[in-house]
Amino acid sequence: MWAAWPTSPLTILIFVAWLPLLWIEDHASNWKKLFGLAYIHMFLWNVLTTWWIWNASVPGALGAFFANSLIMCIPWLLFYFTKKNFGRWIGYGSFIIYWLTFEYIHHIWELSWPWLTLGNSFALHPEWVQWYEYSGTTGGSLWILLSNIIAYSLFTEYRKNKRTKTYYITAAVWIASVFTPIFASRIILSNERKIVEAAIPKAIKNVVIVQPNVDPYIEKFSSSVESQVQKLIVLSEKQIDDNTTLVVWPETAVSAQVWEDEIKYDAAYQPIWSFLNRHLKVSLITGIDSYKKYSPDKKKAPKSSRFEPSSQIYYDAFNTAAFFDADTTIDLYHKAKLVPGVETLPSFLSFMGKWFEDFGGISGTLGRDSERKVFIPWDNHFKAAPIICYESIYSDYITEYIRKGANILTIITNDGWWGNTQGYKQHMNYARLRAIESRKWVARSANTGISCFIDPLGNVINPQPWDAASSIKLAVPVDSRQTFFVKHGDVLSRAATVVSILMIVLNIFIWVKKRLRKFKR
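Residues numbered from 1 in each chain as written. Predicted model: local features only at pLDDT ≥ 70, side-chain atom pairs only at ≥ 80, totals over all residues. Heavy atoms only, no water.

This part covers the pattern of salt bridges. Within this structure, the stated rule accounts for 18 salt bridges. For Arg-439, the salt bridge is made with Glu-192, and the minimal N-O distance between the two is 3.8 Å. On the criterion of sequence distance, the pair formed by Arg-439 in the loop between α13 (422–438) and β10 (442–446) and Glu-192 in helix α7 (residues 165–199) is long-range, its members being 247 residues apart. On the basis of relative accessible area, Arg-439 is assigned to the buried category, the value being 1%. Asp-415 is the salt-bridge partner of Arg-444, the closest N and O atoms lying 3.0 Å from each other. One end of the pair, Arg-444, is in strand β10; the other, Asp-415, is in the loop between β9 (408–413) and α13, with 29 residues separating them in the sequence. For the pair shown, Arg-444 and Asp-415 are each scored as buried. Each of Glu-133, Glu-192, Arg-439, Asp-479 and Arg-481 takes part in a single network of salt bridges with overlapping partners. (Salt bridge = Lys/Arg side-chain N within 4 Å of Asp/Glu carboxyl O. Helix = DSSP H or I, 4+ residues; strand = E, 2+ residues; numbered from the N terminus. Buried < 20%, exposed > 50% of the residue type's maximum accessible area, 1.4 Å probe, protein only.)

With that settled, the discussion passes to the packing of helix α3 (residues 58–86) against helix α15 (residues 491–520). Helix packing geometry: the angle between the two helix axes and the distance between the axes. The interhelical angle for the contact between α3 and α15, taken along N-to-C directions, is 60°, at an axis separation of 10 Å. By the angle class used here, α3 and α15 are oblique. By crossing handedness, the relation of α3 to α15 is classed as left-handed. Two secondary-structure elements touch here, α3 through Leu-78, Phe-81, Thr-82, Asn-85 and Phe-86 and α15 through Met-503, Ile-504, Leu-506, Asn-507, Ile-510 and Lys-514. Split by residue class, the contact of α3 with α15 holds seven nonpolar, three polar and one charged. (Axes fitted to C-alpha atoms, helices over the stretch in contact; angles between N-to-C directions. Parallel < 35°, antiparallel > 145°, perpendicular 65-115°, else oblique. Left-handed = near helix turned anticlockwise from the far one by under 90°. Contact = heavy atoms within 4.5 Å. Nonpolar A, V, L, I, M, F, W, Y, C, P; charged D, E, K, R; others polar.)

Turning our eyes to something else, we now look at the side chain of Thr-170. Looking at the secondary structure, you find Thr-170 in helix α7. Given a relative accessible area of 13%, Thr-170 falls into the buried group. The contact partners of Thr-170, leaving out residues within four places of it in the chain, are Ile-150, Ser-153 and Leu-154.

Taken as a whole, this structure holds 47 aromatic pairs when the rule is applied. With a centroid separation of 5.3 Å and 75° between ring planes, the pair formed by Trp-18 and Trp-76 is classed as edge-to-face. With Trp-18 in the segment before α1 (19–27) and Trp-76 in helix α3, this residue pair connects regions lying 58 residues apart in the sequence. Considered together, Trp-18 and Trp-76 belong to a single accessibility category, that of buried residues. Look at Tyr-92 and Tyr-152: their rings are 6.4 Å apart centre to centre, the planes differ by 55°, and that puts the pair in the tilted class. Separated by 60 residues along the polypeptide, Tyr-92 in helix α4 (residues 88–108) and Tyr-152 in helix α6 (residues 137–161) bring together distant segments of the chain. Considered together, Tyr-92 and Tyr-152 belong to a single accessibility category, that of buried residues. (Phe/Tyr/Trp six-rings, centres within 6.5 Å; stacked < 30°, edge-to-face > 60°.)

It is worth spelling out α4 at this point. Along an α-helix, residues three or four positions apart point the same way, because every turn accommodates 3.6 residues. Taking 1.5 Å of rise per residue, the 21 residues of α4 would be expected to cover 30 Å, and the 31 Å separating its terminal C-alpha atoms lies within 8% of that figure. With 15 of its 21 residues buried, α4 lies for the most part within the structure. (Expected span 1.5 Å × (residues − 1).)

Quick look at the nonpolar core now. Grouped together as the largest cluster of nonpolar side chains are 105 residues, with contacts concentrated most on Trp-18, Trp-45, Trp-99 and Val-207. Dropping the residues within four chain positions of it, Trp-45 is found in contact with Met-1, Trp-2, Trp-5, Trp-18, Met-72, Trp-99, Leu-116 and Leu-118. Counting 27 residues, the second largest nonpolar core, distinct from the first, contains Leu-232, Ile-233, Ile-240 and Trp-249. (Core = buried A, V, L, I, M, F, W, Y, C linked by side-chain atoms within 4.5 Å.)

Encoded structure:
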């Protein structure tokens, strides 16, 4: 699993990566043995693939390594019991259903961490998964699970009967299961490429992306806010021309802590308003650290709010995407998909708040928005989806921006916390899948890299190197189309969840029935 994961070139291994664990499940004498070996497997996969989280957050890393590995064992145990109760093939079918349900829940609950969603493994090969515009990454997960089960069937058939007719049929089915989706993707790619290539020459208005390369551990706190803002402005003005209407700066690019009702007048923001007044056609999207005041009445304040004794008010802290125009128009979106242990502590782990805080995590939670917002500029051209960092790995979540009218995905992030590791590379490549799912251009501004544009086919354009200050510009076409995945969301996962519930109820019924029989005896 680790060797097949981005940014390894061995992606093809993903189609057989779970054969050892399927063999272990088939030969486990009891569920405890399966659980122990499955946990070791999942733990190694998590550590080897996402070890770099440790650089940013000890609690986040421990959660990703230990808790995530534990949660990943649940589909395997449900599969084991279902196979035992209903037989081999219903069992294997249930494993697919249970795993898809696990991934879906892992996108929406408080301890959400979908980094290792199986469908993400194809991030380096957008040409294989152009059909994500219909299925999202869930289709990729289904593809991987199905191919592994067929491959295991081929393996067991060979061991039992050597090369019989059934063996060759199974081999043919496995080959078809691996390559048919790739061929289908190539056909879709051929058609979509014509649409994208036809739109590019017609694009006139351009987007400027800035990569300031401010060290998040040292420079961000040792240098003045004024110098950091000035650096952003200088890099922006190197690229701005008469056709520029949107400039994108990264997550928390303006590090000054500010009350949201004082942004227009705060001293740290005056250079920004001057910058916009020099470029009246330009709108700016930037990350900021913002705060919102509430009344002293605790009952009227959100659960996420904190109490400030000196001023006797409740307030929220936000990781915010801000939209500014020269006329001092301000629109704000607060990051809603917060990183567990770093930006939020799930309510059921609140008793561990002091421990998390001691190790550099958070004892409470940042505030968050309850809905997606679309930033619409004065000319109504680039209708931007403000996607903040970690949110860009949530495929179904992003579709709501487009249903609300977004025609370009703007991802602002600061991946510098992870250092020069696989983390920032994986993060950028996942954005390629969002482009395919939505058939929208992506403008990605990353503090230390990789800033780039991504076309609706998942091709990366003008990626900027790690640890370098730069700015880039591109005339970006807008596309108001809505894909099947955007219109209908993650249909596969929702269907799998319904079937999973039914399967679990049936398993419980059988267990109760067996217990009653045993009791009567």
